[in-house]
Amino acid sequence: MKKLGKVLAIALGAALVLSATGCTKTTSAAKIGVSMPTKDLQRWNQDGSNMKSELEKAGYSVDLQFANNDIATQISQIENMITGKCQVLVIASIDGSALKGALETAKEQGIKVIAYDRLIMNSDAVSYYATFDNYKVGTIQGDYLVENLNLKTRSADDPAYIELFTGSPDDNNINFFFGGAMDVLQPYLDNGTLVVRSGQTSKAQCATLNWSTEEAQKRMENLITGQGYGPNGNRLDAVYSSNDSCAMGITNALVNAGYTAANFPIVTGQDCDIGSVKNMLAGTQAMSIFKDTRTLASKVVEMVDAIVKGGEPPINDTKTYDNGTGIIPSFLCEPVFGTVDNYKELLIDSGYYTEAQLN
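Computed from a predicted structure; not experimentally measured. (Residues numbered from 1 in each chain as written. Predicted model: local features only at pLDDT ≥ 70, side-chain atom pairs only at ≥ 80, totals over all residues. Heavy atoms only, no water.)

(A) Here's a closer look at the nonpolar core. Counting residues in hydrophobic clusters, the biggest one holds 44 residues, and the most contacted among them are Leu-194, Met-220 and Leu-254. At nine residues, helix α6 (residues 173-190) tops the list of elements feeding residues into this core. Setting aside residues up to four positions removed in sequence, Leu-194 forms contacts with Leu-149, Leu-151, Ala-160, Ile-162, Leu-185, Tyr-188 and Leu-189. Val-90, Ala-92, Ala-130 and Cys-333 belong to the second-largest nonpolar core, a separate cluster that totals 28 residues. (Core = buried A, V, L, I, M, F, W, Y, C linked by side-chain atoms within 4.5 Å. Buried < 20%, exposed > 50% of the residue type's maximum accessible area, 1.4 Å probe, protein only. Helix = DSSP H or I, 4+ residues; strand = E, 2+ residues; numbered from the N terminus. Contact = heavy atoms within 4.5 Å.)

Here's what the structure looks like:
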């Protein structure tokens, strides 16, 4: 009996070892799909790289794709991610309303979808939304203009002159960027303290397709010609721009019109792209909202981790973002803004950029 018991114990031990070995071999890292709009803009290139790095550090396999700002390409890439058995999709959409069909398949297969920075519209397949507080982005930009144009102490007898630019009409974020800024600026427009010579103040009139630098430059050139703006022409005190890619086009047009750092209108922006930070240092852009994508990437990794492990992702907003099918539970990170006065601490000391990148 003792010998039989010993044999059974050895057999049981061997079975446990084999079982453990089998589990190790069959367990693989969950696969996460990350879809970004384009590599051409520094913002999305950096976001994608941060996301991939953070997810891989957390032990996940990552399928990162850039869609070259082509909707059909993004749809195809997402469909391939679904076919490739990604457990979670993180999507920064090119067109927030164009992904419904592909995402229906994801929902059918139980794949959770996190909309990244841009809310995906009219799809009940969107589980969560991760972004910065986009309304606050707009109000920060608006408050900056109020302060630096001295609007609180001006009158209609001595108004400030401004033109307005926002982003792509298919990006839901412009409702918050432009809406937040206009909520701050509208009272001054109403009382004549702030004047838009062109009269172009609606979101549709101020939109810039695909957030294109070239389109923003063309429109600014038309405004310069049509309104007679120039260092020796009609006064232009500021240009509101929702982000840096538009601000770059605006700045190009103003430089070509003869403006210099000594008389440059206040130009706002967002993303602290390298080119725009260089423009701030050169005196041709006043400020840019800094949205530290490392913070957002880290939060998305937390959300992915919770989803894969069957838990509840971190959420701090359940009221703001309705994508047409209902409120999407969201996590909103806090934006701040950079200028020549704080860029070193904000961007270099934090390790976001090196000094050499901004020279």
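(B) Structural context of helix α8 (residues 213-227). The end-to-end C-alpha distance of α8 is 21 Å, a good match for the 21 Å that 15 residues give at a rise of 1.5 Å each. Every buried residue of α8 is accounted for by Thr-213, Ala-216, Gln-217, Arg-219, Met-220, Leu-223 and Ile-224. Within α8, the buried residues cover an arc of 165 degrees as seen down the axis, which keeps them to one side. Across from the buried face of α8, at angles greater than 90 degrees, the exposed residues are Glu-214, Asn-222, Thr-225 and Gly-226. Elements that come into contact with the buried residues of α8 comprise β6 (160-165), α7 (203-206), β8 (238-241) and α9 (244-256). (Expected span 1.5 Å × (residues − 1). Arc of directions from axis to C-beta.)

(C) Examining unusual backbone geometry more closely. Phi is positive for Asn-68, close to 55 degrees, though the residue is something other than glycine. Inspection of the secondary structure assignment puts Asn-68 in the loop between β2 (61-66) and α3 (71-83). Even without being glycine, Trp-211 reaches a positive phi, approximately 55 degrees. On the secondary structure map, Trp-211 appears in the loop between α7 and α8.

(D) Representation of the sheet that holds β2 in the model. One open sheet accounts for six strands, arranged β2-β1-β3-β4-β5-β11; its pairing is parallel. The open sheet has two free edges, formed respectively by β2 and β11 (330-333), since each of these has just one partner strand. Taking each pair of neighbouring strands and ignoring which way they run, the sheet shows an average axis angle of 15 degrees. In this sheet, β11 lies alongside strand β5 (residues 126-132) in parallel orientation, the contact comprising four bridges. Looking at β11, one finds that Thr-131 is bridged to Leu-332. (Pairing = 2+ DSSP bridges. Axes fitted to C-alpha atoms, helices over the stretch in contact; angles between N-to-C directions.)

(E) Quick peek at the packing of α8 against α9. Their axes nearest at 7 Å, the elements α8 and α9 cross at an angle of 40 degrees. The pairing of α8 with α9 is recorded here as oblique in orientation. With respect to the hand of their crossing, α8 and α9 are arranged in right-handed fashion. Listed contacts from α9 to Thr-213, Ala-216, Gln-217, Met-220, Glu-221 and Ile-224 of α8 are Ser-245, Cys-246, Met-248, Gly-249, Ile-250, Asn-252, Ala-253, Leu-254 and Asn-256. Looking at the contact of α8 with α9, its residues break down into eight nonpolar, six polar and one charged. (Parallel < 35°, antiparallel > 145°, perpendicular 65-115°, else oblique. Left-handed = near helix turned anticlockwise from the far one by under 90°. Nonpolar A, V, L, I, M, F, W, Y, C, P; charged D, E, K, R; others polar.)

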